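Spelled out from the first residue to the last, the chains are:
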Amino acid sequence: MRGLGDLEAAIMERLWSYHRPASVRDVLEDLRREREIAYTTVMTVMDKLHTKGLLRRRTVGRAYVYETVTSKEAHTAELMRTTLASGGNRAATLVHFLERLSPEESAALEAALKVYPPGDRA
């Protein structure tokens, strides 16, 4: 899994924020608050996100409605896992990552480890 392009990311951000299925027109109207963009551009990008497995869609009337397959957090975690796997020495990569954590990020990591201790994997 790779990162998203700017428009893909903007569309995914909106769909994650809706917490409901949305049509191309819904996303288009939202995007047009910030930029001029064509319906066909949004439709094409949403179709590509569907093809990549990030969106699912179903037909409602004559149009598709789309929804995210995973949460933003799950998507980000998968990107992090994929990046870690491609980094060569995983232990060294993790040490460099941990060295760069802000105090807030460090606290979030500690809280996450309390919820999901490393030794409790099935």
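As the structure is a computational prediction, the values presented were derived from the model and not from experiment. (Residues numbered from 1 in each chain as written. Predicted model: local features only at pLDDT ≥ 70, side-chain atom pairs only at ≥ 80, totals over all residues. Heavy atoms only, no water.)

**Remarks on unusual backbone geometry**
At step 1: Even without glycine at this site, H19 takes up a positive phi of about 60°.
At step 2: Within the fold, H19 resides in the loop between α1 (6–18) and β1 (22–23). (Helix = DSSP H or I, 4+ residues; strand = E, 2+ residues; numbered from the N terminus.)

**Section: the sheet that holds strand β2 (residues 55–60)**
Note on sheets: strands pair through backbone hydrogen bonds, and any given pair is parallel or antiparallel.
At step 1: With respect to topology, 3 strands assemble into an open sheet ordered β1-β3-β2, the strand pairing being antiparallel. Single-partner strands in this sheet number two, and they are β1 and β2.
At step 2: The sheet contact formed by β2 and strand β3 (residues 63–68) spans 6 bridges and is antiparallel. Paired with L55 across the bridge in β3 is T68.
At step 3: Along the sheet face, helix α3 (residues 39–51) touches β1, β2 and β3 and points at about 120° away from the line of β2. (Pairing = 2+ DSSP bridges. Contact = heavy atoms within 4.5 Å. Axes fitted to C-alpha atoms, helices over the stretch in contact; angles between N-to-C directions.)

**Topic: the pattern of salt bridges**
At step 1: Evaluation of the coordinates by the stated rule reveals 10 salt bridges.
At step 2: One salt bridge in this structure joins R33 and D30, with 3.1 Å as the shortest N-O distance.
At step 3: R33 gets classed as exposed once you look at its relative accessible area, which sits at 69%.
At step 4: Several salt bridges share partner residues, and in doing so they unite R14, D30, R33 and E34 into one network. (Salt bridge = Lys/Arg side-chain N within 4 Å of Asp/Glu carboxyl O. Buried < 20%, exposed > 50% of the residue type's maximum accessible area, 1.4 Å probe, protein only.)

**Considerations on the packing of aromatic side chains**
What characterises a pair of aromatic rings is the spacing of the ring centres plus the angle enclosed by the ring planes.
At step 1: As enumerated under the stated definition, the model contains 1 aromatic pair in all.
At step 2: Each ring, one from Y64 and one from Y66, has its centre 6.1 Å from the other, and the planes form 65°; the classification is edge-to-face.
At step 3: A relative accessible area of 38% places Y64 in the partly exposed class.
At step 4: Classification of Y66 as buried rests on a relative accessible area of 2%.
At step 5: One residue, R20, lies across the ring of Y18, its end atom 4.9 Å from the ring centre.
At step 6: Above the plane of the ring of Y64 lies R57, whose end atom (NZ or CZ) is 4.1 Å from the centre. (Phe/Tyr/Trp six-rings, centres within 6.5 Å; stacked < 30°, edge-to-face > 60°. Lys NZ or Arg CZ within 6 Å of the ring centre and 35° of its normal.)

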